[in-house]
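Observations on the model geometry
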Amino acid sequence: MDMRVSVLLATLGIVFSPGIGLTQEWIEYANLADQFTINFAGEPEITETTYLSEYRALLPARVYAANYGPNRYSVTVVDYTDAERLLRERDSRTRGDDLPGDILGAVDYAAWNIRKRGGELTYDSWAAYDRIAGHQLHITNDDQTRTYAGIFRHVRRVYIVEATVPISSPPPVLFQQSLGILDGEGRRIRYEFYSDDNGEIQRNRVETGELWSGDPPSLTLLPR
Amino acid sequence: MTLSRNNVVFAFVAVIFMVFPAAAHHSHQNFIRAEYLVMQGTVREIHWLNPHSWVYLEVLGSNDEPDLWVLEGAAARTLFRKGWTTEMVQVGDDISVRCHPLKDGSPGCLLGYITNQAGVEKEFD
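Below is a summary of the structure that appears in this document.

The rules behind these values
- Residues numbered from 1 in each chain as written.
- Chains lettered and ligands numbered in written order.
- Predicted model: local features only at pLDDT ≥ 70, side-chain atom pairs only at ≥ 80, totals over all residues.
- Heavy atoms only, no water.
- Disulfide = S-S within 2.5 Å.
- Helix = DSSP H or I, 4+ residues; strand = E, 2+ residues; numbered from the N terminus.
- Patch = residues over 30% accessible without salt bridge, like charges linked within 9 Å, V, L, I, M, F, W, Y side chains within 5 Å.
- Areas by Shrake-Rupley, 256 points an atom, 1.4 Å probe, with all protein chains shown as cover.
- Salt bridge = Lys/Arg side-chain N within 4 Å of Asp/Glu carboxyl O.
- Pairing = 2+ DSSP bridges.
- Axes fitted to C-alpha atoms, helices over the stretch in contact; angles between N-to-C directions.
- Contact = heavy atoms within 4.5 Å.
- 1 Å grid on protein atoms, 1.4 Å probe; cavity = no way out; pocket = protein on both sides within 12 Å on 5 of 7 lines; lining within 4 Å.
- Points joined across faces, edges and corners; volume = space filled by probe spheres on them.
- Nonpolar A, V, L, I, M, F, W, Y, C, P; charged D, E, K, R; others polar.
- Core = buried A, V, L, I, M, F, W, Y, C linked by side-chain atoms within 4.5 Å.
- Buried < 20%, exposed > 50% of the residue type's maximum accessible area, 1.4 Å probe, protein only.

**With respect to the state of the cysteines**
All names here are of chain B.
- A full pass over the atoms with the stated rule returns one disulfide over all chains.
- The side chain of Cys99 participates in a disulfide bridge whose partner is Cys109; the two sulfur atoms lie 2.2 Å from each other. Where Cys99 bonds to Cys109 through sulfur, the torsion about that S-S bond is close to 90 degrees, and the disulfide is right-handed. One end of the pair, Cys99, is in strand S5 (residues 94-101); the other, Cys109, is in strand S6 (residues 108-115), and 10 residues separate them in sequence.

Written as structure tokens, this is what we have:
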């Protein structure tokens, strides 16, 4: 960085720190194809890939990644829409309950895969975004970085949110906790929990008034 | 963790009522919601975003070395509706906060309240 700029910033009481990315721009990113929003550190690059499910179906997936200095941010969206067909193609002995298990266990399976990488688990618990259930993991890695992950499933998509930053940086909760899920019309999904007559926790969808549309998507706030 | 008394008030205050909006974006299990952490520091970054706004606060530790805390607040549009303006908290301001710290012990916290440089305390949630 130019020394004059550094002096100016210091004079203004601003510390330039690549660890926190003072000049890092956060955008409210939305993707209608994979139906999610998140705060990204710049426009992400999108990579098509595959994901091997717990029952060994090779599923299509996309990785959305935007890095800033040493900070790495990504969302992996796994599409289970064709999981049943892919499971049967893999093994004709596929049982009727393999598909539900593969989908219902998807969050747990993804969390297990993250734990297997090693490091020190500092937080490992259920979480919900807009009352969409999932899991959060905080890990101090062996290379002295911190990974904050959130894994959520809505219908046939699993969203694996990961942020990895140097341990000297503040925890990357801004990224980890900004995920939102959209429906097929671009409306942000939110639920409310309630207890039914049997005491079971159920959920009802509620209106958020947030509609993403266009290319690139932009947000319209609708009256509620 | 202990912090210098000269520069930072570090206290856990047991709260009787846990206050978080019914319309919170996400669950708050990862924060210690039954306690408030009180800190004073200097704003190094502030991001008025949705679904959450964020304040990066530089707090002097017990060794007089700065620690950078990340503080989560409500969505920007919620804060603006509640009367917050971007002029009320700005980079370089000395503020105090009451927030719920992360369970994992890292320097992150869920607001809570901000007392701005003008001495006005206001909910940032």
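Picking up where we left off.
**Overview of a nonpolar patch on the surface**
- The grouping of A:Trp126, A:Phe193 and A:Ile201 at the surface amounts to a nonpolar patch, some 300 Å² of accessible area in total.
- Within the fold, A:Trp126 resides in strand S6 (residues 120-129).

**Structural notes on the sheet that holds strand S8 (residues 145-154) of chain A**
Residue and element names in this part refer to chain A.
- An order of S3-S4-S5-S9-S8-S7-S6 is seen for the seven strands of this open sheet, with the pairing classed as antiparallel. Of all strands in the sheet, those with a lone pairing partner are strand S3 (45-52) and S6, marking the two edges. Here the average twist between neighbouring strands, direction ignored, is 20 degrees.
- In the sheet, S8 pairs with strand S9 (residues 157-166) via 10 bridges, with the strands oriented antiparallel. Pairing of Ala149 across the sheet is with Glu162, part of S9.
- The strands that helix H4 (residues 106-115) touches are S3, S6, strand S7 (132-140), S8 and S9; relative to S7, the one it contacts most, it runs at about 5 degrees.

**Here we look at empty space enclosed by the protein**
- All told, the structure shown has four cavities of 30 Å³ or more when counted by the stated rule.
- Space inside the second largest cavity adds up to approximately 70 Å³.
- In this structure, the second largest cavity is lined by 13 residues; those nearest its centre are A:Glu28, A:Thr37, A:Arg188, A:Trp212 and B:Asn50.
- At the level of secondary structure, the elements contributing two or more residues to the lining of the second largest cavity comprise strand S1 (27-31), strand S2 (36-40) and strand S13 (210-213) of chain A.
- Among the elements that make up the lining of the second largest cavity, the one with the highest residue count is S2(A) (three residues).
- Classifying every residue of the lining of the second largest cavity gives five nonpolar, four polar and four charged.

**Notes on the nonpolar core**
Residues and elements named next belong to chain A.
- If you look at the biggest cluster of nonpolar residues, it comprises 35 residues, and the most contacted ones within it are Phe36, Ile38, Phe40, Tyr73, Val75, Phe175 and Leu179.
- With four residues, the single largest contributor to this core is S9.
- In terms of nonpolar packing, the next biggest core, distinct from the first, is built from 23 residues, Leu99, Tyr109, Val158 and Ile160 among them.

**A few points about the pairing of S1(A)**
Residues and elements named next belong to chain A.
- Across five bridges, the pairing between S1 and S2 is antiparallel. Bridge pairing in S2 places Asn31 opposite Phe36.
- Remark: four residues form the turn of the hairpin made by S1 and S2, two consecutive strands paired antiparallel; Gln35 in that turn has positive phi of roughly 60 degrees.

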